[in-house]
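Analysis of the macromolecular model
The lines below spell out each chain.
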Amino acid sequence: MKEKTNGFYWLKSGFLTIMQNMAGVLFGLGGFYLLVRVLSKHDFGVWTLYMSAITILEIVRSGLVQNGLIKFISGTESSEHPRIVSASFVISGGLTLVCIVLNLTLAPWLAGLWKSPELVHMLYAFNVMYILSGILSQFNCIEQANLNYSGVFASSFVRQALFFLYVLICFLTKHELNLTNLVYMQIVAAFVSLLVAGYYVRQHLSFKFSLSVDWIKKLFHYGKYAFGTSVSSILSGTIDQMMLGALLSPVASAAFNVAVRIINLVDIPTNALATIVFPQSAKRLETEGPGAVKYLYEKSVGTILAIFIPGLFFIFSFQAMWLNL
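Below is a summary of the structure that appears in this document. Quick caveat: nothing in here was measured; it's all calculated off a predicted structure. (Residues numbered from 1 in each chain as written. Predicted model: local features only at pLDDT ≥ 70, side-chain atom pairs only at ≥ 80, totals over all residues. Heavy atoms only, no water.)

1. Remarks on the overall build of the protein
Note the threshold: Numbering of helices and strands starts at the N terminus; helices are DSSP runs of H or I of at least 4 residues and strands are runs of E of at least 2. Buried residues are those whose accessible area, probed at 1.4 Å on protein chains only, stays under 20% of the maximum for their type, while exposed residues exceed 50% and partly exposed ones sit between those limits. Throughout, a residue-residue contact means that at least one pair of heavy atoms, one from each residue, lies within 4.5 Å. Only the protein chains shown count as covering a residue, and every accessible area follows the Shrake-Rupley method with a 1.4 Å probe.
In terms of helices and strands, the protein carries ten helices and zero strands. Here the protein, with 325 residues, has 44% of them falling under the buried criterion. When contacts within the protein are restricted to residue pairs at least 6 apart in sequence, long-range pairs at least 24 apart make up 82% of them. Surface accessibility of the protein: about 17,000 Å² in total, with carbon and sulfur atoms responsible for 70%.

2. Focus on unusual backbone geometry
Non-glycine residue K115 carries a positive phi angle of around 55°. By secondary structure assignment, the location of K115 is in the loop between helix 3 (81–113) and helix 4 (119–145). Positive phi is not limited to glycine here, since K174 has a value of about 60°. If you trace the backbone, K174 turns up in the loop between helix 5 (150–172) and helix 6 (179–201).

3. Regarding the packing of helix 5 against helix 6
Each packed pair of helices is defined by two parameters, the angle between the axes and the distance between the axes. What counts here: To get an axis, a line is fitted to the C-alpha atoms, and for a helix only the part in contact is used. The angle between two axes follows their N-to-C directions and goes from 0 to 180 degrees. These descriptions rest on fixed angle ranges, namely under 35 degrees for roughly parallel, over 145 for roughly antiparallel, 65 to 115 for roughly perpendicular, and the rest for oblique. Handedness of a crossing is defined here by the sense of rotation of the near helix relative to the far one, left-handed for an anticlockwise turn of less than a right angle and right-handed for a clockwise turn. In this classification, Asp, Glu, Lys and Arg are treated as charged, Ala, Val, Leu, Ile, Met, Phe, Trp, Tyr, Cys and Pro as nonpolar, and every other residue, Gly included, as polar.
Relative to each other, helix 5 and helix 6 sit at 155°, their axes nearing to 8 Å. Classed by the angle they form, the pair helix 5 and helix 6 counts as roughly antiparallel. Between helix 5 and helix 6 lies a crossing of right-handed hand. For the pair helix 5 and helix 6, the contacting residues are S150, G151, A154, S155, S156, V158, R159, L162, F163, Y166 and V167 in the first and N181, L182, M185, Q186, A189, A190, V192, S193, V196, A197 and Y200 in the second. Looking at side-chain class alone, the contact of helix 5 with helix 6 contains 14 nonpolar, seven polar and one charged residues.

4. Considerations on the packing of aromatic side chains
The following threshold applies: When two rings of Phe, Tyr or Trp (its six-membered ring) have centres within 6.5 Å they constitute a pair, described as stacked for plane angles under 30 degrees, edge-to-face for angles over 60, and tilted for the intermediate range. To sit over a ring, a charge needs its Lys NZ or Arg CZ within 6 Å of the ring centre and within 35 degrees of the ring normal.
Scanning the entire structure with this criterion turns up eleven aromatic pairs. Ring centres of F72 and Y222 lie 5.8 Å apart, and the angle between their planes is 70°; this geometry places the pair in the edge-to-face category. Linking F72 in helix 2 (residues 41–74) with Y222 in helix 7 (residues 213–247), this pair joins segments that are 150 residues apart in sequence. Judged by its relative accessible area of 15%, F72 falls in the buried class. Relative accessible area serves as the criterion here: at 28%, Y222 is assigned to the partly exposed category. The rings of W47, Y50, F126, Y130 and F163 are connected pair by pair, giving a single aromatic cluster. In this structure, K174 packs its charged tip against the face of F171, placed 5.8 Å from the ring centre. Note that R202 overlies the ring of Y199, its terminal NZ or CZ placed 4.2 Å from the centroid.

Any functional reading would require information beyond the geometric quantities listed.
Put into structure tokens, the structure is as follows:
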């Protein structure tokens, strides 16, 4: 792995990760710009509530599995990788099944709470995408743990680009958009993205299933802490939109979602750096000890401050000029 700890690795990985986050934001803003013009206020509010609900389901699963899978693959010998990956698939598959049952059970209740009957069919259709995205997440984690990011970027880009292109074509051709069809397009995009991710991760993927109860326990006990942090974080970011949808209307939730999208721009540098540093820190902790992790932490904090401080000066300067007008 020596070649993956030099300057070129950091430059390439940083570029791909930032581009992935930027592409996600740009496709998201582009999709938002088009959807608000082809959907009614009510339909866009329903779409916002749907996205909030499925984001919670996605985070619940990835929070329990993702960090542990990356950490243990990065810090163990390759002979243990089939056991780790098998244990991860068992946990992810079990949690996927539980979430699908919950989704099938709660979908009618949520549709009634938010006065959006079309939400039932949307959440039911989402179950197909949930299975595909679970496998996709496993592939991306395996590649990330092996300090590669090309497939993560490519699969993410393809998934978001396909959905954006569908909305763009509907906008240009004046085709009436149906919310359930948007979910179907998400399924198609997830399937194509899964094929792309599988192509990139094939060299790291072992098809030998080796069930290990010890590794299941290790992954679960490590992941439960990240799980709690992820769930609390995503709930704090989505519960307000859900409450607006229930107390006022889906239209109010849609309006609030605009501000959330702008605020999320701030997280791009931090998310990009965390994606790169985490597998490196896990590997160096096993091979070089705590001192190497301390070094990575100091460099990470310095990099984030170097990005944020000039931005803060610009924001404060712009605010001062605006107040003086």
